[in-house]
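Working through the structure, step by step
Chain by chain, the residues run as shown.
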Amino acid sequence: MKKLAVVASGWHFPYSFYESIKNQNLPEDWEMDMFCISHRDPIYSAKEKSEIQLKGNRAHLDIRLYKQIAFKDDIKNLNWNYKEYANTIGDWGCSNQWLDKYDYTNYDLILFTHDDNLILSNNWFSEIILNTNFDTWEILSNSCGAPRGWLR
C-alpha cells in the first residue's frame, strides 16, 4: 500500500477545501493521511470571511469557496489531524512544523498546500498519481500572484 500525506496550512478554513480533499478518489493501492497545521483558530477566519467584500469577475469563486467555514470540530470530523502551532516564520512554517512531528519517509507522496484552494474535481490525486490526462485541468487563481503570473 502506498501513502499520500496532505499537509495544509490552516489559515482561511473554507469547509469546501477540507471536504474536497477528503473526497478525492485514490487509486486502489493508495491511502491518504490529512494534516491541518493551523496557525490560528478558525473562528478568526469566520469573522473575516463574514465581513469580506467580494469584487471582480472571480468573486463568484470566493463565494463558492467560503460558503461555509470549517471549525476545529468540522476539520476533525472530516478525518483531518488538526494541530495548532504558533505562526513563527509565515506561510510555510507549517511544513517544518509537520516535519518536526512526522516521519516523511512513511509517505510516497506529500502535498504541502494552503487551505484557500477551490477544488473542482474529485479526481485530482488520481490524475497526478496515475499521470493521466492533464489537458482536462483548469487552474484558476483569485489573484495574479506575487510576482505577477505566479500562482500560490
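Above this note sits the structure.
Throughout what follows, the structure given in this document is the object of discussion. (Residues numbered from 1 in each chain as written. Predicted model: local features only at pLDDT ≥ 70, side-chain atom pairs only at ≥ 80, totals over all residues. Heavy atoms only, no water.)

Now for the packing of aromatic side chains. For the structure on display, the rule yields eleven aromatic pairs. Aromatic side chains Phe35 and Tyr107 sit 6.4 Å apart centroid to centroid with 90° between the ring planes, which places their arrangement in the edge-to-face category. Here the residue Phe35 occupies a position in strand 2 (residues 30-38), and Tyr107 occupies one in the loop between helix 5 (93-101) and strand 4 (109-114), the gap between them amounting to 72 residues. Here Phe35 and Tyr107 have matching classes, each one buried. Seen in terms of ring centroids, Trp124 and Phe125 are 5.1 Å apart; in terms of plane orientation they differ by 20°. Their pairing is stacked. Positioned over the ring face of Tyr66 is Lys49, at 4.6 Å from the centre of the ring. Note that Lys101 overlies the ring of Tyr102, its terminal NZ or CZ placed 5.8 Å from the centroid. (Phe/Tyr/Trp six-rings, centres within 6.5 Å; stacked < 30°, edge-to-face > 60°. Helix = DSSP H or I, 4+ residues; strand = E, 2+ residues; numbered from the N terminus. Buried < 20%, exposed > 50% of the residue type's maximum accessible area, 1.4 Å probe, protein only. Lys NZ or Arg CZ within 6 Å of the ring centre and 35° of its normal.)

This part is about the pattern of salt bridges. Under the counting rule described, the total for this entry stands at four salt bridges. Two residues, Lys3 and Asp33, come together in a salt bridge whose shortest N-O distance is 3.2 Å. Pair noted here: Lys3 is in strand 1 (residues 2-10) and Asp33 is in strand 2, with a separation of 30 residues, a long-range link. Take Asp33: its relative accessible area is 23%, and that puts it in the partly exposed class. Among the ionic pairs, Lys72 bridges to Glu84, the shortest N-O distance being 3.4 Å. Taken together, the residues Lys72 in helix 4 (residues 72-77) and Glu84 in strand 3 (residues 81-84) connect sequence positions twelve residues apart. (Salt bridge = Lys/Arg side-chain N within 4 Å of Asp/Glu carboxyl O.)

Right, let's get into the sheet that holds strand 1. In spatial order, the strands read 3-2-1-4; together these four strands make up an open sheet with parallel pairing. The sheet is open, and its two borders are formed by strand 3 and strand 4, each paired with just one other strand. Strand-to-strand, the axes of this sheet are offset by a mean angle of 20°, without reference to chain direction. In terms of strand pairing, strand 1 meets strand 4 through six bridges, oriented parallel. By the bridge assignment for strand 4, Val6 is matched with Leu111. (Pairing = 2+ DSSP bridges. Axes fitted to C-alpha atoms, helices over the stretch in contact; angles between N-to-C directions.)

Bringing helix 1 (residues 15-22) into the picture now. Helix 1 sits mainly inside the fold: six of its eight residues count as buried. Every buried residue of helix 1 is listed here: Tyr15, Ser16, Phe17, Tyr18, Ser20 and Ile21. Packing partners of the buried residues in helix 1 comprise strand 1, strand 2, helix 3 (59-65), helix 4, strand 4 and helix 6 (124-130). (Contact = heavy atoms within 4.5 Å.)

Fair warning: the whole summary comes from geometry, so function is off the table for now.
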